[in-house]
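# A closer look at the structure
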Amino acid sequence: MDPLTSAPSGPQHPGTPHPGPGWATRYWAIFGGQALSLIGSAMTQFVLLWWITDTTGSAAALGTAGVAALLPQALLGPLGGTFADRYSRRTIMIVADTVSAACMGVLIWLFASGNVELWHVYTMMFIRSAMQAFQGPAAAASTAMLVPPEFLPRAAGFNQTLQGLMTVAAAPLGALAISVLPLGAALGIDVVTALLGIVPLLLFRIPQHTVAREDRRGVWAEFREGLSVVWRNPGLRRLYGLLGVVVLVVMPTFTLTPLLVKAHFGGGAGQVALMEGLSGVGMIAGGLLVAALNPGRPIVTVLLALAASCLTVALTAAAPADWFWLAVVWWVVSGATFAFGNAPLTATLQRTVPNHLQGRVLSLLNTVMGLAGPVGLALAAPLGEWLGVRGLFMVGGVLGAAACLAGFLSPALLRLERQETPAG
């Protein structure tokens, strides 16, 4: 039987209900708070990556930072997803944001005292990533309970728009903060925005299916229930595998972007901020376009849009050293096509997988991509020495595009968009 349409083992839950009157106020309050928190976190990531770039000039150091920011999410993702389906998602989000803010407070003190070392930054990135392993699945699974089912594709589009706004605001704010503030003070913005993100979670309740304590099984058994949803469905298996391959070959380019700008185009923090900020404009456009059009063939849209996004990553690095403007154009197109492809992917999973399993299923996708990312970064270090940073971008982009287009050879993957059923 298809696990997406057959009844899951264990306690049964009714279909996802309408969130009731006032859902829009609740959704937008929580969405807005998380938007501020994400902008602060992205700005912090920009500041820290540029500090590592400027301090070391090393691809290996940037790669290590990328591993610290990804590996905990991969290792703890299954546990975070299981917790998101088992316990209060709102509480998980509050605790994760609080711990992340505390980590940034430690870094602020270290920078202010002049005692910061590279391993301190790696450690705090590691802890914040671990918190994201719990916060991410809880937030993603909560969306389906905050909005009516028919609003989910648009919610996914708005989320991609948020990612774009985050990128637009984070890079210029990060560059501005570096230029006018001590590094520790610049990082304090993240603490403020994290607290602002927590406030709506304290004020509003997030609906959630609950399982009576006596009906709960062990954490491992509940994790395997989510794993079986993916494993027993050929379309989901192939989708997860394809996305893992794409992340493996393309992820190093996102971490090494500051090095590409500095080494090939001769730019500095301002140029990186311009590139990332305008890419965010592209993401905003892509997210709004998804929200407006609500594509009828989500899997086809995902494959074509992500292939275009990967290909334009390669074209970014192919631009001549004195044509930085062309690199920026391709990077903007990559951001727009990524947003246009990622939003239908999220909405498809949210509409396909029963809500009481979404935390586990979505965290498994994070785990696949989270494991692929560090492997790609580990391979990128020696390959970067051989190919150079430009070659790494071009090879990764072409391979990622080829992997996406290969998805059209899988009938099971293409059938996945026709298997969507109301959560239940």
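Keep in mind it's a predicted model, so treat the numbers as computed, not measured. (Residues numbered from 1 in each chain as written. Predicted model: local features only at pLDDT ≥ 70, side-chain atom pairs only at ≥ 80, totals over all residues. Heavy atoms only, no water.)

### Structural notes on the overall build of the protein chain
Helix and strand counts for the protein chain come out as 14 helices and zero strands. The contacts of the protein chain with a sequence gap of at least 6 include a subset with a gap of at least 24, amounting to 90%. (Helix = DSSP H or I, 4+ residues; strand = E, 2+ residues; numbered from the N terminus. Contact = heavy atoms within 4.5 Å.)

### Brief notes about the packing of aromatic side chains
What characterises a pair of aromatic rings is the spacing of the ring centres plus the angle enclosed by the ring planes. In the structure shown here, the tally under the stated rule is nine aromatic pairs. Consider the rings of Y27 and W28, whose centres lie 5.0 Å apart with planes at 70°: the pair is edge-to-face. Residue classification places Y27 among the buried residues on the basis of a relative accessible area of 4%. For the ring pair W331 and F393, a centre distance of 6.4 Å and an interplane angle of 40° mean the geometry is tilted. (Phe/Tyr/Trp six-rings, centres within 6.5 Å; stacked < 30°, edge-to-face > 60°. Buried < 20%, exposed > 50% of the residue type's maximum accessible area, 1.4 Å probe, protein only.)

### Considerations on the environment of P148
Looking at the element boundaries, P148 is found in the loop between α4 (118-146) and α5 (152-180). Judged by its relative accessible area of 3%, P148 falls in the buried class.

### Section: the pattern of salt bridges
Taken as a whole and judged by the stated rule, the model has one salt bridge. Two residues, R128 and D190, come together in a salt bridge whose shortest N-O distance is 2.8 Å. Within this pair, whereas R128 is found in helix α4, its partner D190 is found in helix α6 (residues 183-203), the two being separated by 62 residues in sequence. (Salt bridge = Lys/Arg side-chain N within 4 Å of Asp/Glu carboxyl O.)

### Thoughts on the packing of helix α3 (residues 89-113) against α6
Between α3 and α6, whose axes approach to 9 Å, the crossing angle comes to 165°. Considering the angle they form, α3 stands roughly antiparallel to α6. The element α3 and its partner α6 pack so that their crossing is left-handed. Between α3 and α6, the residues in contact are R90, M93, I94, D97, T98, A101, M104, G105, L107, I108 and F111 and L183, G184, L187, G188, D190, V191, A194, I198, L201 and L202, respectively. The residue inventory of the contact of α3 with α6, partitioned by class, reads 14 nonpolar, four polar and three charged. (Axes fitted to C-alpha atoms, helices over the stretch in contact; angles between N-to-C directions. Parallel < 35°, antiparallel > 145°, perpendicular 65-115°, else oblique. Left-handed = near helix turned anticlockwise from the far one by under 90°. Nonpolar A, V, L, I, M, F, W, Y, C, P; charged D, E, K, R; others polar.)

### A few points about helix α10 (residues 269-293)
Owing to its 3.6 residues per turn, the α-helix brings residues three or four apart onto one side. Relative to the 36 Å expected for 25 residues at 1.5 Å per residue, α10 spans 36 Å between its end C-alpha atoms, a close match to the ideal helical length. Looking one or two residues past α10, N294 carries a phi angle of roughly 50°, positive in sign. (Expected span 1.5 Å × (residues − 1).)

### Considering the nonpolar core
Judged by nonpolar contacts, the single largest core of 45 residues is most densely connected at I52, L107, F111, V121, M125 and F393. It is helix α1 (residues 23-56) that contributes the most residues to this core, seven residues altogether. No fewer than three residues from each of domain 1 (19-206) and domain 2 (219-423) sit in this core. Setting aside residues no more than four positions away along its own chain, F111 makes contact with L48, W51, V116, V121, L183, G184 and L187. Of all hydrophobic cores here, the second largest spans 30 residues; its members include F223, V230, L236 and L413. (Core = buried A, V, L, I, M, F, W, Y, C linked by side-chain atoms within 4.5 Å. Domains from an automatic or database assignment.)

### Quick notes on the side chain of R89
Examined against the element boundaries, R89 turns out to sit in helix α3. The class for R89 is buried, based on a relative accessible area of 1%.

### Focus on the confidence of the model for the protein chain
Overall, the predicted model of the protein chain reaches an average pLDDT of 78, with 87% of residues at or above 70. Looking at the elements of the protein chain, mean pLDDT is at its lowest for α5, recorded as 72, and at its highest for helix α11 (residues 298-318), recorded as 90. Of the regions scoring below 50 in pLDDT, residues 1-15 engages in 37 contacts with residues more than four places distant in sequence or in other chains. (pLDDT = per-residue confidence, 0-100.)

### Details of the packing of helix α2 (residues 59-86) against α4
Closest axis-to-axis distance for the α2/α4 pair is 7 Å, and the angle between their directions is 30°. The way α2 lies across α4 gives a crossing that is right-handed.

### A word on the side chain of S142
With respect to the element layout, S142 can be found in helix α4. Overall, S142 belongs to the buried group, its relative accessible area being 2%. Not counting residues within four places of it along the chain, the set of residues in contact with S142 comprises R89, M93 and I206.

### Some thoughts on a nonpolar patch on the surface
A cluster of nonpolar side chains, namely V375, L379, L383, W386, L387, V395 and L399, defines an oily patch on the protein surface of about 650 Å² accessible area. You can see L399 is positioned in helix α13 (residues 355-406). (Patch = residues over 30% accessible without salt bridge, like charges linked within 9 Å, V, L, I, M, F, W, Y side chains within 5 Å. Areas by Shrake-Rupley, 256 points an atom, 1.4 Å probe, with all protein chains shown as cover.)

### Here we look at the environment of W50
Examined against the element boundaries, W50 turns out to sit in helix α1. W50 sits in the buried class, given a relative accessible area of 10%. C-alpha of W50 to C-alpha of L62: the two residues are 12 residues apart in sequence and 9.3 Å apart in space. Apart from residues lying up to four places away in sequence, W50 is in contact with I178, P258, G268, A269 and V272.

### Things to note about the environment of R238
If you trace the backbone, R238 turns up in helix α8 (residues 234-255). A residue is classified by how much of its surface remains accessible, and R238, at 39% relative accessible area, is partly exposed. Measuring from C-alpha to C-alpha, the distance between R238 and L414 comes to 9.9 Å, with 176 residues separating the pair along the chain. Sequence-distant contacts of R238, defined by excluding residues within four places in its chain, comprise S410, A412 and L413. Looking at R238, its side chain comes within polar contact range of the side chain of S410, at 3.4 Å. (Polar contact = N/O pair within 3.5 Å; in protein donor to acceptor, adjacent residues only side chain to side chain.)

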